[in-house]
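Structure at a glance
What follows is the residue order along each chain.
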Amino acid sequence: MLGKGSKLYSICKLKCPRCQEGNLFENNSLLSYSKMSKMLDHCPVCHQMYEPEPGYYYGAMFVSYGLTAGPTLAIVGLMMLFSEEITLWMFMAALILSLLLFMPALFKLSRAIWINIFISYNPLAAQDPQAKGH
Ligand SMILES: [Zn+2]
């Protein structure tokens, strides 16, 4: 499932959706805050453009909202072990905590998911950057 050629591989490894060789980000670590939002312009291997048009990643925001729900619910779940009731403020704290803790991962994964929706793997792309297909 995590083999090369699947979208999950590209998303989890933050690789170019087309050749799955080049990195998507300057700093391709999910946990690092350093250069967190620095996405490369194009793939260093197959030259796929990563931002084909301005505003391309607005939609990725909605993906990241969805992703944020995971860690937020996990933190709320932890809180429920220690508290009888969860107030709105506790929920907000859980939300903010998960945003802060997982910001680099949420930002990068949501963009990786977004670009993978539109660009498909092309096994020839890494050998021949001119290969057609996207
Ligand atoms: Zn590539």
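To start, this report covers the structure provided alongside it. Since the structure is predicted, the reported quantities are computational estimates derived from the model, not experimental observations. (Residues numbered from 1 in each chain as written. Predicted model: local features only at pLDDT ≥ 70, side-chain atom pairs only at ≥ 80, totals over all residues. Heavy atoms only, no water.)

What follows concerns the packing of aromatic side chains. The full count for this structure, using the stated rule, is 5 aromatic pairs. Plain terms: the ring middles of Tyr56 and Phe118 are 5.9 Å apart, the flat faces sit at 55 degrees to each other, and that makes the pair tilted. In this pair, Tyr56 is assigned in the loop between helix H1 (7-13) and helix H2 (60-82) and Phe118 in helix H3 (residues 88-118), connecting sequence segments 62 residues apart. For Phe118, a relative accessible area of 44% gives the class partly exposed. Three or more aromatic residues joined by ring pairs form one cluster here, namely Tyr56, Tyr57, Trp114 and Phe118. A cation sits over an aromatic face here: Lys108 above Phe25, 5.7 Å from the ring centre. The ring of Tyr57 carries the charged tip of Arg111 above its face, separated from the ring centre by 4.2 Å. (Phe/Tyr/Trp six-rings, centres within 6.5 Å; stacked < 30°, edge-to-face > 60°. Helix = DSSP H or I, 4+ residues; strand = E, 2+ residues; numbered from the N terminus. Buried < 20%, exposed > 50% of the residue type's maximum accessible area, 1.4 Å probe, protein only. Lys NZ or Arg CZ within 6 Å of the ring centre and 35° of its normal.)

Another point: the pattern of salt bridges. Side-chain pairing between opposite charges can occur once the charged atoms of the two side chains come close. Applying the stated rule across the entire model yields 2 salt bridges. Residue Lys35 is joined to Glu26 by a salt bridge in which the shortest nitrogen-to-oxygen separation is 3.4 Å. You can call Lys35 partly exposed: its relative accessible area is 49%. (Salt bridge = Lys/Arg side-chain N within 4 Å of Asp/Glu carboxyl O.)

Let's shift gears to the packing of H2 against H3. Packing of H2 against H3 brings their axes to within 7 Å, and their N-to-C directions diverge by 140 degrees. Classified by the interaxial angle, the pair formed by H2 and H3 is oblique. Considering how the two elements wind past one another, H2 and H3 form a crossing that is right-handed. Residue classes in the contact of H2 with H3 are distributed as 19 nonpolar, 5 polar and 1 charged. (Axes fitted to C-alpha atoms, helices over the stretch in contact; angles between N-to-C directions. Parallel < 35°, antiparallel > 145°, perpendicular 65-115°, else oblique. Left-handed = near helix turned anticlockwise from the far one by under 90°. Nonpolar A, V, L, I, M, F, W, Y, C, P; charged D, E, K, R; others polar.)

Another aspect to go through is H2. With 23 residues, H2 ought to run about 33 Å at 1.5 Å a step, and its terminal C-alpha atoms sit 34 Å apart, in line with that. Here H2 has its buried residues at Ala60, Val63, Ser64, Thr68, Pro71, Thr72, Ile75 and Val76. Residues of H2 that are buried make contact with H3. (Expected span 1.5 Å × (residues − 1). Contact = heavy atoms within 4.5 Å.)

Let us now look at the coordination of the zinc ion. Surrounding the zinc ion are the protein donor atoms Cys16 (SG), Cys19 (SG), Cys43 (SG) and Cys46 (SG), at 2.2 to 2.3 Å. Read N to C, the donor residues that coordinate the zinc ion are spaced as C-x2-C-x23-C-x2-C. One end of the pair, Cys16, is in the loop between H1 and H2; the other, Cys46, is in the loop between H1 and H2, with 30 residues separating them in the sequence. (Donors = N, O, S within 2.8 Å, 3.2 Å for Na, K, Ca; no water.)

Before going further, it helps to spend a moment on the nonpolar core. Nonpolar side chains in soluble globular proteins tend to end up buried together. Among the nonpolar cores identified, the biggest contains 19 residues, and Leu24, Tyr50, Tyr57 and Ile115 are the most heavily contacted of them. Secondary-structure elements contributing two or more residues to this core are H2 and H3. Of all the elements, H3 adds the most residues to this core, at 3 residues. (Core = buried A, V, L, I, M, F, W, Y, C linked by side-chain atoms within 4.5 Å.)

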